[in-house]
Amino acid sequence: MATVELSFSALPVHVRTARLIVTAVARRSGVAEALLDEVRLAVGEACSRAVEAHRRHCPDEPVRLELNGAGSRFEVVVSDTVPGDDAAGGLPPVAAPDEPDFLLDDGAAELGLAVIAGLADDVEIESTPKGVQIRMSWPAEAAAPN
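Here's a quick rundown of the structure. (Residues numbered from 1 in each chain as written. Predicted model: local features only at pLDDT ≥ 70, side-chain atom pairs only at ≥ 80, totals over all residues. Heavy atoms only, no water.)

A closer look at the nonpolar core
Phase 1 of the analysis: With 32 residues, the main nonpolar core has Val43, Leu65, Phe74, Val76, Val78, Met136 and Trp138 as its most contacted residues.
Phase 2 of the analysis: Sorting the residues of this core by element identifies α1 (13–28), α2 (36–57), β2 (63–68), β3 (73–79), α3 (107–119) and β5 (131–139) as the ones contributing at least two each.
Phase 3 of the analysis: It is α2 that provides the largest number of residues to this core, a total of 8 residues.
Phase 4 of the analysis: Residues in contact with Val78, not counting those within four places in the same chain, are Ala46, Cys47, Ala50, Val63, Arg64, Leu65, Val132, Gln133, Ile134 and Met136. (Core = buried A, V, L, I, M, F, W, Y, C linked by side-chain atoms within 4.5 Å. Buried < 20%, exposed > 50% of the residue type's maximum accessible area, 1.4 Å probe, protein only. Helix = DSSP H or I, 4+ residues; strand = E, 2+ residues; numbered from the N terminus. Contact = heavy atoms within 4.5 Å.)

Some thoughts on the environment of Ser9
Phase 1 of the analysis: Mapped onto the elements of the fold, Ser9 is located in the loop between β1 (4–8) and α1.
Phase 2 of the analysis: Using a relative accessible area of 36% as the deciding quantity, one classes Ser9 as partly exposed.
Phase 3 of the analysis: The spatial distance from the C-alpha of Ser9 to the C-alpha of His54 is 9.0 Å, given a sequence separation of 45 residues.
Phase 4 of the analysis: Among the polar contacts made by the side chain of Ser9, one reaches the side chain of His14 at a distance of 3.2 Å. (Polar contact = N/O pair within 3.5 Å; in protein donor to acceptor, adjacent residues only side chain to side chain.)

Here we look at the sheet that holds β5
Phase 1 of the analysis: Taken in spatial order, the 5 strands line up as β1-β2-β3-β5-β4 in an open sheet, and their pairing is antiparallel. Looking at the sheet topology across the chains shown, the edges are occupied by β1 and β4 (122–128). Put simply, the sheet's adjacent strands are angled 15° from each other on average, direction ignored.
Phase 2 of the analysis: Across 7 bridges, β3 lies against β5 in antiparallel orientation. Within the sheet, the bridge partner assigned to Ser79 lies in β5 and is Gln133.
Phase 3 of the analysis: Packing of α2 onto the sheet brings it into contact with β1, β2, β3 and β5, and relative to β5 it is tilted by some 175°. (Pairing = 2+ DSSP bridges. Axes fitted to C-alpha atoms, helices over the stretch in contact; angles between N-to-C directions.)

This is the structure we're talking about:
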């Protein structure tokens, strides 16, 4: 399957639509039915994090998704345009060695990233001056429907 690209305005109501589209593309790409809830939840967390960051810093910029079901992996990339070195909008700040991660001011974002890491088979988070990308993937070994 070719890459599917989707962009949507930074409104929480669009996260549900993104989850539905990603689940449909994952199913079509051959992701096992047992993993579809994990895909849906992980993508929902990543999109919600991006929407919240955009609403705070660049509400007119769209959140972007790339879905790729080629090969034996189904990959989703959620990208925002909030600079990652901005602690208020990018990735949550790193906790001090004696401070639990969940006590940070941006604890909800930290928890969301932990949820994503627990649901996705493989996760890469890249924070750059141009924005944050969360790349997630799952096995797509089941026979995809025609």
